[in-house]
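The lines below spell out each chain.
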Amino acid sequence: MKFTKMHGAGNDYVYVNCFEETLPEDIASLAIAVSDRHTGIGSDGLILICPSEKADAQMRMFNADGSESEMCGNGVRCVAKYVYDHGISNQQTLKIETGAGVLSLDLELAGSKVSQVRVNMGKPILTSAEIPTLLPGDPPVNAPLEVGAQTLEVTCVSMGNPHCITFVDEVNDHWVHGIGPQVEVHPMFPRRVNAEFIEVISPAELKMRVWERGSGETQACGTGACASAVAGVLTGRSERNVLIHLPGGDLRLEWADNDEVFMTGPAVEVYQGIWRGTQ
Ligand SMILES: N[C@@H](CCC[C@H](N)C(=O)O)C(=O)O
């Protein structure tokens, strides 16, 4: 199976061009195998670039534990880069079908290759039943969430996939590795959740680390950055236009007046290879 390794702000996935490749039926096991950083290719998960009847391509995204997610913000920028750079489409505005609907993406070129992508990520989902969470409020804003001996104040937002945002004084390992895994599987989140921890540098600048559902800590999470930008506005901590610093790079976010969230960030191809399985 031919694959391409790509990343967006350090959030790295193995990408397979399903216009050309045929995959085994058990994609969850394939995602677990390729993602392993010791015995596989090493990645935060597996992303399939597939033909679509309503868009230039369809993205399917699997976490490192084999679970399928509805959306991946950093992934969809890389899918757009792949579609353009590999000649599947020559348009500089692309439509990509995802589990969160068909998204529109504007490509910025450096020479003949895509370097940055601006994505219309659509409107955030703010009803607790749809996020989904059992916490009260549409959406829950600064809602109490008991984790061990601590009570966090969390704000929940879905960008097609669920996010639980906690604003903290200092983003550190205690939050990401101590609290993140407990938030991910907390009974208040029936489909598990991605846990973001945010330090406010100024109303226009946030620092974020994430514990992702199904993959653990990653260098960046695009949907998490969108959800955190929305949470910053909902809690009165930040402006509608913010720069978010993540361990793997920066993302620019705007929650526009028409309620749509726009994310701009890099997309990078690292190498191509052939996966021969785990014989
Ligand atoms: N890193 C991604 C999100 C990937 C999916 C997530 N772990 C989930 O299960 O929802 C992004 O850039 O959005």
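All chains use their own residue numbering, which begins from 1 and follows the written sequence. Whole-chain, interface and lining totals are the exception, using all residues; otherwise, since this is a predicted model, local features are given only for residues with pLDDT of at least 70 and side-chain atom pairs are given and counted only at 80 or more.

## Side note on the site of the ligand
Near residues are defined by distance alone, with the backbone-placed C-beta atom required to lie within 6 Å of the molecule or strand. The environment of the ligand is formed by 17 residues, the closest being Ser69, Asn74, Asn161, Gly222 and Thr223. Only runs of H or I of at least four residues qualify as helices and only runs of E of at least two qualify as strands under DSSP, and these elements are numbered from the N terminus. Secondary-structure elements contributing two or more residues to the shell around the ligand are helix H2 (73–85) and helix H4 (222–234). A total of three residues in the shell around the ligand trace back to one element, the largest contributor, which is H2. When residues are sorted by character, Ala, Val, Leu, Ile, Met, Phe, Trp, Tyr, Cys and Pro go into the nonpolar class, Asp, Glu, Lys and Arg into the charged class, and all the rest, Gly among them, into the polar class. Class assignment for the residues of the shell around the ligand results in two nonpolar, 13 polar and two charged. Here the shell around the ligand gathers at least three residues from each of two domains, domain 1 (2–119 + 265–274) and domain 2 (143–259). The start and end points of each domain follow an automatic or database-based domain assignment.

## Remarks on helix H3 (residues 173–184)
Every α-helix winds through 3.6 residues per turn, so residues three or four apart in the chain are directed the same way. One less than the residue count of a helix, multiplied by 1.5 Å, gives the span that helix is expected to have. Here H3 contains 12 residues, and its C-alpha end-to-end distance of 15 Å stays within 8% of the 16 Å for a straight helix at 1.5 Å per residue. Residues with at least 20 other C-beta atoms within 10 Å of their own are called buried, those with 12 or fewer are called exposed, and the rest are partly exposed. The C-beta atoms themselves are positioned from the backbone. Within H3 the residues assigned to the buried category are Trp175, Val176, Ile179, Gly180 and Val183. Summarising the axial view, the buried residues of H3 lie within an arc of 125°, below the 170-degree limit, and thus occupy one face. Residues of H3 that are exposed and point more than 90 degrees away from the buried face comprise Asp173 and His174. Directions are taken from the helix axis to each C-beta atom, and the arc is the one they span.

## Structural notes on the environment of Val168
Here Val168 lies in the loop between strand S11 (162–167) and H3. Contact between residues is assigned whenever the C-beta positions, reconstructed from backbone atoms, fall within 7 Å. For Val168, the contacting residues outside a window of four places in its chain are Trp175, Phe197, Ile198 and Glu199.

## What to know about the domain arrangement of the protein
For the protein, the assigned domains read domain 1 (2–119 + 265–274) and domain 2 (143–259). Contact residues are listed per partner, giving 21 residues for domain 1 and 20 residues for domain 2. Looking at the side of domain 1 that touches domain 2, the elements that each hand over two or more residues are H2 and strand S17 (261–266). Partitioned by chemical class, the residues of the side of domain 1 that touches domain 2 number six nonpolar, 12 polar and three charged.

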